[in-house]
Amino acid sequence: MNERVIFHIDVNSAYLSWTAVRMLQLGETTEDIRDIPSIIGGNSDERHGIVLAKSIPAKKYKIQTGEPVVDALKKCPELKIFKPNYKLYMESSNAMFNLLSEYSPKIQRYSVDEVFMDVSHYKENYIEKAGEIQDRIRKELGFNVNIGISTNKLLAKMASDFNPKNSIHTLFQDEIMDKMWPLPVEDLFMVGKVTKRKLDKLNINTIGELALFDFDILENIFKSHGKVIKNYANGIENSEVKKYNYIEVKGIGNSTTIAWDVISKEEALKIILSLTESVCSRLRVTNSLCKVVSVSLKDYGFNRYTHQRTISNYTDSTEIIYKELTNAFIEIWKGEPIKQIGVRVTKLCSNEFFQGSLFDDKRLDKQKALDKTIDNLREKYGKNSVIRSTFLHSGIKAINGGNEESDYPMMGSIL
DNA sequence: TCTGGGGTCCTAGGACCC
DNA sequence: TCTGGGGTCCTAGGACCC
């Protein structure tokens, strides 16, 4: 079998870079926010905003992705904060994807700012091509990317994480020992906080130590995950670069953290309804139906619990799904103050097989027509053009959530 | 440090069937 | 009646990713 050549392209501080480029393009500023301490922060007006992306100067103040905006400001009072703009990110991501598509038909969007591509057809000149891609993205789109190169997706991804930023790195099989094995074990893809803690106990500190560790012991402790990380540490991974539109979405969900204590059933149900509205409209936009609905709650101790219910028939009806979620909520809520509420639908299928006979029921037909009409109005006049009267003066957003990023499927845990 | 929001996959236990 | 073993489905929770 011929060896493959895989690229992993990763945008350097994507959200911040894209915001910087747009501001310069619009002439809003002559200052490049990549050169000053700056962050993209979520919902800084509410209490729960966190840092989504940071500039390199901000990094010098030890500001970290994921930490509360409030804390970041303490570390650097002159920090400039910008709101996230997911529409812009999708546009930027699309522009990069289109450019990259010129180089290979086997191209997989892994997340909003990461792409895998199989470029095995560039036999000898792949390094040159990587340089060309990097230059073109910088000149035509205005931002920097890292490119990792190897024979499989895992190694390409590990390589694109290497420093410095804005660079091209290879990580072929014969380079694993030198370039990957000395790294701390938590740098390995799929080694998170919990796995790291267990590896500590085994005195496994580097990727190399994991690679050489006894397999039976790992399998005993980590079950199937043991095999995954042992293989990854040895650079073994052979999944295909999947054309992204072939991957189906497994579930659709939205959740929200509430700025106040939710202690009444009525209030909680209103929030659930607002989340249901956005989940169901996403369901209908993708021509999908669902069979399982679940509600998840987080209390103030940050304990999360979920409850799911199976519906007798596949549906995309806001009314039916909301009714099931209401029941699910009543069944689990213990009456304690709630900090976060989430709604999710799974067991999806395409609606094309369900048109006609199954919807002979006149009442269902009517509901379907109503949902469709509302979707159309919202698309035409904005999502708040039609809102339920229950939300008037409630202080709760009529439609909560949505996901501009999910116009394409997201990543899975297996590359 | 006091923690957003979107996902996927895996596991274990219970229900139910043959 | 109180006993097998295998298979599948459902549900809750946990771990990981961006």
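Residue numbering note: each chain is counted from 1, following its sequence as written. Think of it this way: whatever chain is written first is A, whatever ligand is written first is 1, and the rest follow in order. In view of the model being predicted, local features appear only for residues whose pLDDT reaches at least 70, and side-chain atom pairs are presented and counted only at 80 or more, with totals across whole chains, interfaces and linings using the full set of residues. Side-chain measures were taken over the full set of non-hydrogen atoms in the model, leaving aside hydrogen atoms and water.

**A short note on a positive patch on the surface**
As a reminder of what qualifies: Here a patch means residues that are over 30% exposed by relative accessible area and free of salt bridges, tied together within 9 Å if like-charged and within 5 Å if nonpolar (Val, Leu, Ile, Met, Phe, Trp, Tyr). Residue exposure ignores everything except the shown protein chains as possible cover, and the areas themselves are Shrake-Rupley values with a 1.4 Å probe. Each reported salt bridge corresponds to a side-chain nitrogen of Lys or Arg within 4 Å of a carboxyl oxygen of Asp or Glu. In this tally Asp and Glu are treated as negative and Lys and Arg as positive; neither His nor the chain ends contributes. Think of each charge as sitting on NZ of Lys, CZ of Arg, CG of Asp or CD of Glu. Each helix is a run of DSSP H or I of at least 4 residues and each strand a run of E of at least 2, with the numbering of both proceeding from the N terminus.
The grouping of K193, R197, K198 and K201 at the surface amounts to a positive patch. Relative to the elements of secondary structure, K193 occurs in helix α8 (residues 193–201).

**Concerning the packing of aromatic side chains**
The following threshold applies: We call Phe, Tyr and Trp rings a pair once their centres come within 6.5 Å, taking the six-membered ring for Trp, and we label the pair stacked below 30 degrees between planes, edge-to-face above 60, and tilted otherwise. For the exposure calls, accessible area comes from a 1.4 Å probe over protein chains only, and a residue counts as buried if that area is under 20% of its type's maximum, exposed if over 50%, partly exposed in between.
This model, assessed by the stated rule, comprises nine aromatic pairs. With centroids separated by 5.6 Å and ring planes inclined at 85°, the aromatic side chains of Y86 and Y89 adopt a geometry described as edge-to-face. A residue pair is termed a helical-turn pair when its members lie 3 or 4 positions apart in one helix, as Y86 and Y89 do in helix α4 (residues 86–101) at three residues. We classify Y86 as partly exposed; its relative accessible area is 29%. Residue classification places Y89 among the buried residues on the basis of a relative accessible area of 0%. Considering the side-chain rings of Y110 and F116, the 5.5 Å spacing of their centres and the 70° angle between planes classify their relative orientation as edge-to-face. Both residues of the pair, Y110 and F116, count as buried.

**With respect to the nonpolar core**
So the rule is basically this: What makes a nonpolar core is a set of buried Ala, Val, Leu, Ile, Met, Phe, Trp, Tyr and Cys residues whose side-chain atoms join them at distances within 4.5 Å. Contact between two residues is taken to exist if any of their heavy atoms lie within 4.5 Å; hydrogens are not considered.
Core analysis: the biggest nonpolar cluster contains 40 residues, and F7, M96, L100, I137 and F143 have the highest contact counts within it. At the level of secondary structure, the elements contributing two or more residues to this core comprise β1 (6–11), α1 (14–25), α4, β6 (114–118), α5 (126–141) and β7 (145–150). When neighbours within four sequence positions are excluded, F143 is seen to be in contact with V11, S17, W18, V21, R34, S92, M96, I137 and R138. Formed by 32 residues, the second largest nonpolar core is a distinct cluster that contains I258, V262, A268 and I332.

**Describing the protein's contact with DNA strand C**
Stated precisely, the cut-off is as follows: Put simply, a residue is near a molecule or strand once any heavy atom of it comes within 4 Å of that molecule or strand. Distance and chemistry together define a polar contact, namely a pair of N or O atoms within 3.5 Å, with one atom able to donate a hydrogen and the other to accept it when in protein, and with adjacent residues in sequence counting only for side-chain atoms on both sides. Residues are sorted three ways: Asp, Glu, Lys and Arg are charged, Ala, Val, Leu, Ile, Met, Phe, Trp, Tyr, Cys and Pro are nonpolar, and all the rest, Gly among them, are polar.
Around DNA strand C, the structure places 19 residues, and the nearest of them are K157, T195, H307, Q308 and T310. Each atom of DNA strand C within 4 Å of the protein was assigned to sugar, phosphate or base; sugar and phosphate come to 95%. The contact in question runs from a sugar or linking oxygen of DNA strand C to an N or O atom on the side chain of E114, over 3.2 Å. Examining the composition of the surface near DNA strand C, we find that five residues originate from one element, strand β11 (residues 304–315), more than from any other. In terms of residue class, the surface near DNA strand C is made up of seven nonpolar, seven polar and five charged.

**Points about the confidence of the model for chain A**
Note the threshold: Residue-level confidence of the predictor is summarised by pLDDT, bounded by 0 at the bottom and 100 at the top.
Scored by pLDDT, chain A comes out at a mean of 88, with 91% of its residues at no less than 70. A low-confidence stretch, residues 405–414 (pLDDT under 50), is modelled with 22 contacts involving residues beyond four sequence positions or located in other chains.

**Section: the domain arrangement of chain A**
What counts is decided by this rule: Annotation comment: domain bounds sourced from an automatic or database domain assignment.
Along its sequence, chain A is organised into domain 1 (1–156), domain 2 (181–233) and domain 3 (248–407). The C-alpha centroid of domain 3 is placed 39 Å from the C-alpha centroid of domain 2.

**Digging into α1**
Quick reminder: α-helices carry 3.6 residues per turn. Residues three or four places apart thus point the same way. Quick reminder of the rule: To estimate the expected span of a helix, subtract one from its residue number and multiply by 1.5 Å.
Between its first and last C-alpha, α1 extends 16 Å over twelve residues, near the 16 Å set by a 1.5 Å rise per residue. Taking burial as the measure, the twelve residues of α1 include nine buried ones, the bulk of the element. The complete set of buried residues in α1 reads A14, Y15, L16, S17, W18, T19, A20, V21 and M23. Where the residues of α1 are buried, they touch β1, β2 (38–41), β3 (51–54), β4 (80–82), α4 and α5. Positive phi shows up at G27, right after α1, with a value of about 70°.

**Side note on the sheet that holds strand β12 (residues 338–350)**
Backbone hydrogen bonds hold the strands of a sheet together, and the pairing may be parallel or antiparallel. This is how it is decided: Pairing between two strands is assigned when DSSP locates at least 2 bridges connecting them. For every element, the axis is a line fit to its C-alpha atoms; helices are fit only across the contacting stretch, and the angle between N-to-C directions ranges from 0 to 180 degrees.
Read from one edge to the other, the open sheet built from four strands follows the order β9-β12-β10-β11, with strand pairing classed as antiparallel. Two strands lie at the open edges of the sheet, namely β9 (251–262) and β11, each paired on one side alone. Taken over all neighbouring pairs, the strand axes of this sheet differ in orientation by 15° on average, direction set aside. As defined by bridge partners, strand β10 (residues 288–299) adjoins β12 across eleven bridges and the pair is classed as antiparallel. Note on β12: the bridge partner recorded for V292 is T346. Relative to the sheet, helix α12 (residues 265–285) contacts β9, β10, β11 and β12, its axis offset from that of β9 by approximately 155°. Its contacts with the sheet place helix α13 (residues 318–332) against β10, β11 and β12, and it is angled at close to 145° to β11.

**So, the environment of D371**
Looking at where D371 falls in the secondary structure, it is placed in helix α14 (residues 362–381). Once residues within four sequence positions are removed from consideration, D371 is found in contact with R284, D316, S317 and T318.

**A word on unusual backbone geometry**
Backbone torsion omega between N163 and P164 reads -5°, so that peptide bond is classified as cis. Of note, P164 is situated in the loop between α6 (153–160) and β8 (168–170). One non-glycine residue, K223, lies in the positive phi region at around 55°. The residue K223 is located in the loop between α10 (215–222) and α11 (224–233) in this model.

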